[in-house]
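Each chain, written out:
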Amino acid sequence: MHRPSRRRPEFDAARMYEYPQHLRAALDDLPAAPGVYIFHGQEGALPLYIGKSVNLRSRVLSHLRNPEEARLLRQTVRISHIRTAGEIGALLLEARLIKQQQPLLNQKLRHHRQWCALRVQGSLPEVVYSKDLNFATEPGLYGLYASRHGALEALRQVADDQRLCYGALGLEKPAPGRACFRAMLRQCAGVCRGDETPESHRQRLFTGLEGLRVACWPYPGAVGLVEREGAEQQIHVVRNWHYLGSAQDAAEARQLGQAAPEFDADVYKILCKPLLSGRAEIILLQA
């Protein structure tokens, strides 16, 4: 018996898509320049979506031409934008606005988190939390994780790469006087049965962790990262890996730099390479 072929789901989605003519007016104000854009729903409600781009006009147009985002566009009443002087400013502002305004359709960066890291006490790694330590100034931290589970999974990966003993790391509780099961499979170098010294095991642990090291804040106080795009200039004020805002001149930047904020892992990930590479233009704002 002949059965009618089923319509492909993507055709159904495309049929429901309507080109959002009421949003076309927003394009007139959008520059081909860096910044942050916001899709707004009904007045008084939370924003629907916040994004960033080095080319606002091109990025927003990509949303308007995309039938897969029809749900977002059907709910959007208007689109606004904020110019920045470059990509770094756009990244920092996007992260701040998402945390402040809690847009409905953003998942990443929506909530403030208590982050975890690994720290080695003696020869035993432990999981520590940003609520208990200032991650901006605490030395000897490795990795940034959203949960204890994530931190321990990262430690297991280091152990696998370096042939470390789960028992010696506190990841397993081996039977007294017996080597661990992984040693019999040659996945552990055998510190648990005397094949290597605890010091050698410890050194390989630090070798495996080195690529995860969290850099301490490298300045005595707040700094301004200068970013330019044509005639536009902004000074992004940062202290203890926390973005305090952007200013047009050094005097305004110094006022922003007087706050003493907590460590922000998202800002750390954005700024670690530009600040530590020495390529960014930095102004010392506070001794």
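Above this text is the structure in question.
Values in this document were obtained by computation on a predicted structure and should not be read as measured data. Each chain carries its own residue numbering, running from 1 in the written order of its sequence. In view of the model being predicted, local features appear only for residues whose pLDDT reaches at least 70, and side-chain atom pairs are presented and counted only at 80 or more, with totals across whole chains, interfaces and linings using the full set of residues. Note: side-chain values were computed over all heavy atoms of the structure, leaving out hydrogens and water.

### Focus on helix H4 (residues 87-101)
Point 1. Helix numbering and strand numbering both begin at the N terminus, where a helix is a DSSP run of H or I of at least 4 residues and a strand a DSSP run of E of at least 2. One fewer than the residue count of a helix, multiplied by 1.5 Å, yields its expected span. The end-to-end C-alpha distance of H4, which contains 15 residues, comes to 21 Å, matching closely the 21 Å that a straight helix rising 1.5 Å per residue would cover.
Point 2. At the exit of H4 stands Gln102, carrying a positive phi of roughly 50°.

### Side note on the sheet that holds strand S1 (residues 35-40)
Point 1. A pair of strands is considered paired only if DSSP assigns at least 2 bridges between the two. The three strands lie next to each other as S2-S1-S3, forming an open sheet whose pairing is antiparallel. Of all the strands in the sheet, just strand S2 (49-53) and strand S3 (78-83) have a single pairing partner and so form its edges. On average, each strand axis in the sheet is tilted by 20° relative to the strand beside it, whichever way the strands run.
Point 2. The strands touched by helix H2 (residues 56-64) within the sheet are S1, S2 and S3, with S1 carrying the most contacts at an inclination of about 30°.
Point 3. Running at roughly 175° to S2, H4 makes contact with S1, S2 and S3 of the sheet. Axis definition: a line fit to C-alpha positions, over the contact stretch in the case of helices; interaxial angles, taken between N-to-C directions, run 0 to 180 degrees. Residues are treated as being in contact if the distance between any of their heavy atoms lies within 4.5 Å.

### Notes on the sheet that holds strand S6 (residues 142-145)
Point 1. Judged by pairing direction, the sheet is antiparallel, and its three strands sit side by side in the order S5-S4-S6 without closing on themselves. A single partner strand is all that each edge strand has here, and the edge strands are strand S5 (124-129) and S6. Between one strand axis and the next, the sheet turns by 30° as a mean value, whatever way the strands run.
Point 2. Two strands pair when backbone bridges link them, and strand S4 (residues 116-121) and S5 are joined in this way by six bridges, in the antiparallel orientation. Looking at S5, one finds that Leu118 is bridged to Val127.

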